[in-house]
Amino acid sequence: MRAPLAVYQASTHEIGGLFPLLTASPLPAAGARMGYDVSSGGAFYCHPVEWVLGGGYATNPNIVLFGEPGRGKSSTVVAFLFRMLRFGVRTLISGDVKGEYTPVVRQLGVTPIMLGAGFSARINALDLGPLTAHWNSWAAARQRAELDGVLGRWGQLLAALAESQGYAPTVTDEAAIAAVLHRLVGATDGASRLRPITIPDVHRGLADPDEQLWRGLRYADRRQFLDQLRAITDALANLISGPLAGLFDAATNVALDWNAPVQSMDLSRLRSRGDTAVAVALTCLGAWSSLATDLRSDGQIRIVVRDEVWRQLRLGTRAVATIDAELRLSRLEQTIQILVLHKLSDLLSVGATGSQAVAIAKDLIALCSTRVLFGQSTRVADELAAALALTVPEQQRLAGSVNERRGRALWKTENHPAHVVQTVLSSFEKRLFDTNAQLRPRNVTGTREGRHG
């Protein structure tokens, strides 16, 4: 016997109208409950890993968000990672440029790693990380394979950092860097334990080479070695003496707690040092956290948030290629990579029209199955519609109904129909995720007046 159902009656004047042919969302009701589907009124859930595994709704778990400032991107990201904690998914915020995530991290009982003026935290961009802990437990073949991977990443990182100083490394430069890295870490002399190294060590290896190094690289003499590698040597020197001196060129003195629900590296104190300094810091943190995430052994899915990633993309082709490689490895490394951008031109402005950097940057969209599109102007909406092959109704929503409320976005997963979704925050979350707090006047006690989302 069926339970009696409640019956409600109202006039069309009170209801306004009903459309009886709505279809339910095909997405599984799994993961973070983000809010509601504006078209159907049904709850909208997000679990990118389930979208990959459950029916092949997506081919990778990565997410990219586009939206003008103030549209609710950060609140949506924070709501997602906050709610995914219920499913055992932890988060690493690889560079919080504006310090927006710090209140959330503290609310979860975790102290963020603060980098910049007034703080003592140091991170070695060439940190061996978990590699040293696993080293003695691996067979020789596994040691060689893992070490080759790490040294390859370091070489790519140093080339990207040199490019950020205005010098594009050549193949010869990269060969010299690789040789120096192998010698410094002990890979060429059969050392049973890996030696920790820093960027100043690499600089000294290039500025003061021994005979074995320059002969091994087929230089006629020491003078020729120094002359031909002067540009890359000077570029690395600028990293040691520039605005980031001491932050990424010394031994790491902080440790990531992999059992913590969230870890964050707050870069808000670096903003006064300029865009390039922040972008270089994001690149160093990205490489460091990628190595630490890759070699962890807990087998857990982890969210990696790359906020303000457009800053890092502008450093050059190698910086773009680094992010490209990390997105491609997300399934292997069990990560959900989240990129936060403003507009499509963030990808198109990383280099000259038709350049390799622009081509790689545009492909980043293809490596993110889930695209979350917040309110945009008509011109930007048209550009995104063309790049993502949106249908005409989807394009109209992007420039229209999506703009009606903060936190409303078009969620598009590959070629499947898009959903207009309104992120819903609780009153507690609105206070916690308030990104407009700095705009509000201070009260007489020096604190901001009521925080509202």
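Up top is the structure these notes are about.
Only a predicted model underlies this, so the values are computations on that prediction, with no experimental measurement involved.

Undergrad: I would appreciate a short explanation of the overall build of the protein in the present structure.
TA: Helix and strand counts for the protein stand at 19 helices and 11 strands. Each of the 453 residues in the protein was classed as buried or not, and the buried ones make up 51%. Of the contacts formed within the protein by residues at least 6 apart in sequence, a portion of 71% connects residues at least 24 apart. Total accessible area on the protein is roughly 21,000 Å²; 52% of this is exposed by carbon and sulfur atoms.

Undergrad: It is not clear to me how the nonpolar core should be interpreted in this structure. Could you clarify?
TA: Side chains of nonpolar character tend, in soluble globular proteins, to be buried together. Within the largest apolar cluster, 62 residues are counted, with the highest numbers of intra-cluster contacts made by L126, W154, L181 and F248. A per-element tally of this core places helix α12 (residues 275-294) first, with 12 residues. When near neighbours in sequence (up to four residues on either side) are disregarded, W154 contacts A125, L126, D127, L128, L181, V185, I197 and L291. Core analysis: the second largest hydrophobic core is formed by 39 residues, A32, M34, V104 and I303 among them.

Undergrad: Please clarify how the pattern of salt bridges should be interpreted in this entry.
TA: In a structure, side chains of opposite charge can pair up when their charged atoms sit close to one another. One pass over the structure, following the stated rule, counts 22 salt bridges. A salt bridge links R328 to D324, with the shortest nitrogen-to-oxygen separation between them at 2.7 Å. Placement of both R328 and D324 in helix α14 (residues 317-328) is noted, with a separation of 4 residues, approximately one turn of the helix. Across the pair K343 and D346 runs a salt bridge whose closest N-O atoms are separated by 3.9 Å. Within the structure, one salt-bridge network assembled from shared partners comprises K98, E100, D275, E308 and R311.

Undergrad: Looking at this model, I keep getting lost on the packing of helix α7 (residues 171-185) against helix α8 (residues 199-207). Mind explaining?
TA: Two quantities define a packed helix pair, namely the angle between the helix axes and the distance between the axes. Running from N to C, α7 and α8 cross one another at 115°; their axes reach a closest spacing of 10 Å. The handedness of the crossing between α7 and α8 is right-handed. From α7, A176, V180, L181 and L184 reach across to α8, where they touch D201, V202, G205 and L206. Looking at side-chain class alone, the contact of α7 with α8 contains 6 nonpolar, 1 polar and 1 charged residues.

Undergrad: I tried to follow the sheet that holds strand β2 (residues 43-46) on my own but got confused; where do I start?
TA: Strand pairing in a sheet relies on backbone hydrogen bonds, with the paired strands running either antiparallel or parallel. If you walk across this open sheet you meet the 11 strands as β2-β1-β11-β10-β9-β3-β8-β7-β4-β6-β5, and the pairing is mixed. For this open sheet the edge positions go to β2 and β5 (113-116), each flanked by a neighbour on one side alone. Sheet twist, expressed as the mean angle between neighbouring strand axes with direction ignored, is 25°. Two elements, strand β1 (residues 32-37) and β2, share 4 bridges in a ladder whose sense is antiparallel. The partner of Y36 across the bridge, within β2, is A43.

Undergrad: I keep staring at helix α3 (residues 73-84) and nothing clicks. Help me out?
TA: It helps to recall that an α-helix has 3.6 residues per turn; residues three or four apart then point in one direction. Taking 1.5 Å of rise per residue, 12 residues should cover 16 Å, and α3 covers 17 Å from first to last C-alpha, within 8% of that figure. Here α3 lies mainly inside the structure; 12 of its 12 residues are buried. Within the span of α3, buried status applies to K73, S74, S75, T76, V77, V78, A79, F80, L81, F82, R83 and M84.

Undergrad: Looking at this structure, I do not really get the pairing of strand β9 (residues 370-374). What am I missing?
TA: Side chains on a regular strand alternate between the two faces of the sheet. With 5 of 5 residues buried, β9 is to be regarded as a mostly interior element. Burial of the side chains of β9 extends over both faces: T370, V372 and F374 are buried on one face and R371 and L373 on the other. Judged from the 4 bridges that link them, strand β3 (residues 63-66) and β9 form a sheet pairing that is parallel. Bridge pairing links V64 to R371 in β9.

Undergrad: Explanation requested: the packing of α8 against helix α11 (residues 230-241) in the structure shown.
TA: One can describe the packing of α8 onto α11 by two numbers: an axis separation of 9 Å at closest approach and a directional angle of 150°. Our classification of the angle between α8 and α11 gives roughly antiparallel. As for the relative orientation of α8 and α11, their crossing is left-handed in sense. Across the interface between the two elements, I199, P200, V202, H203, L206 and A207 of α8 pack against T233, L236, A237 and I240 of α11. Looking at the contact of α8 with α11, its residues break down into 8 nonpolar, 2 polar and no charged.

Here is what the cut-offs are and how they apply
- Residues numbered from 1 in each chain as written.
- Predicted model: local features only at pLDDT ≥ 70, side-chain atom pairs only at ≥ 80, totals over all residues.
- Heavy atoms only, no water.
- Helix = DSSP H or I, 4+ residues; strand = E, 2+ residues; numbered from the N terminus.
- Buried < 20%, exposed > 50% of the residue type's maximum accessible area, 1.4 Å probe, protein only.
- Contact = heavy atoms within 4.5 Å.
- Areas by Shrake-Rupley, 256 points an atom, 1.4 Å probe, with all protein chains shown as cover.
- Core = buried A, V, L, I, M, F, W, Y, C linked by side-chain atoms within 4.5 Å.
- Salt bridge = Lys/Arg side-chain N within 4 Å of Asp/Glu carboxyl O.
- Axes fitted to C-alpha atoms, helices over the stretch in contact; angles between N-to-C directions.
- Left-handed = near helix turned anticlockwise from the far one by under 90°.
- Nonpolar A, V, L, I, M, F, W, Y, C, P; charged D, E, K, R; others polar.
- Pairing = 2+ DSSP bridges.
- Expected span 1.5 Å × (residues − 1).
- Parallel < 35°, antiparallel > 145°, perpendicular 65-115°, else oblique.

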